[in-house]
Amino acid sequence: QVQLVDSGGGLVQAGGSLRLSCVASGRTISTYAMGWFRQAPGKEREFVAGISWSGGSTRYADSVKGRFTISRDNAENTVYLQMNSLKPEDTAVYYCADVHPIKFAPLGSWGPGTQVTVSS
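All of the points below concern the structure found in this document. These figures come from a predicted structure and were not determined experimentally.

Turning next to the overall build of the protein. In terms of regular secondary structure, the protein is built from zero helices and eleven strands. Reading the helices (α) and strands (β) of the protein from amino to carboxyl end gives β-β-β-β-β-β-β-β-β-β-β. Referenced to the eigenvectors of the C-alpha coordinate spread, the extents of the protein come out at roughly 40 × 25 × 25 Å. The 120 residues of the protein split such that 44% are buried. For the protein, contacts bridging at least 24 residues in sequence account for 56% of all contacts bridging at least 6. With the model as given, the accessible surface of the protein reaches about 6,000 Å², and the carbon-plus-sulfur share is 50%. Across the protein, the 11 positively charged side chains and the 9 negatively charged ones have centroids separated by 4 Å.

With that out of the way, let us pick up the side chain of T78. Locating T78 in the fold gives a position in strand β8 (residues 78–83). Within the local environment of T78, its side chain forms a polar contact with the backbone oxygen of E76, the two atoms lying 2.8 Å apart. The contacts of T78, once residues within four sequence positions are left out, are S21, C22, V23, I29, R72 and D73.

This brings us to the sheet that holds strand β3 (residues 18–25). Strand order in this open sheet of four strands is β1-β3-β8-β7, and the pairing throughout is antiparallel. Both edges of this open sheet fall to β1 (3–7) and β7 (68–73), since each of them pairs with a single strand only. Neighbour-to-neighbour, the strand axes of this sheet turn through a mean angle of 15°, independent of strand direction. Here six bridges tie β7 to β8, and the two strands are oriented antiparallel to one another. If you follow R72 over to β8, its bridge partner there is V79.

Reading guide: rules and limits
In this numbering scheme, every chain counts its residues from 1 along its sequence in written order. Whole-chain, interface and lining totals are the exception, using all residues; otherwise, since this is a predicted model, local features are given only for residues with pLDDT of at least 70 and side-chain atom pairs are given and counted only at 80 or more. Side-chain calculation: all heavy atoms of the structure are included, whereas hydrogens and water are not. The way it works is that DSSP assigns letters per residue, a run of H or I at least four long becomes a helix, a run of E at least two long becomes a strand, and they are numbered from the N terminus. Partly exposed describes any residue whose relative accessible area lies between the buried limit of under 20% and the exposed limit of over 50%, with all areas from a 1.4 Å probe on protein chains only and scaled to the type maximum. We call two residues contacting when some pair of their heavy atoms lies within 4.5 Å. Here, Shrake-Rupley sampling with a 1.4 Å probe gives the accessible areas, and only protein chains in the shown set may cover a residue. Under the convention used here, Asp and Glu are negative, Lys and Arg are positive, and both His and the chain ends fall outside the count. For this purpose, a charge sits on NZ of Lys, CZ of Arg, CG of Asp or CD of Glu. Any pair of nitrogen or oxygen atoms within 3.5 Å is treated as a polar contact; in protein, a donor-acceptor pairing is required on top of that, and neighbouring residues in sequence qualify only through side-chain atoms on both sides. At least two DSSP bridges between two strands are needed for those strands to be called paired. To get an axis, fit a line to the C-alpha atoms, keeping to the stretch in contact for a helix; angles then go from 0 to 180 degrees between the N-to-C directions.

Structural data, given as structure tokens:
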């Protein structure tokens, strides 16, 4: 099973930007679709963005379309989430995960999460 470590979270003002990273170890992720999810206090974990193994296909939650960009560097076994124009409602713990290549549903490997806090 792959081990994932996500990082890059922090405190930012509304309108600001953050870039999250997810570094994998244990096996290559170059043949796996990957995704980012988030969980806000008192809410269920939700899908944010997903990317195919090649990077040629991406999918986003409606709430982040046009503001967030998912990308990957298979040579570095790393997936990124560039978050721009952040809003207070983006505040959550963000997790990376390996996902189903079509449904983008999580397959079971999760990072520990990184906290993103957006102040108004």
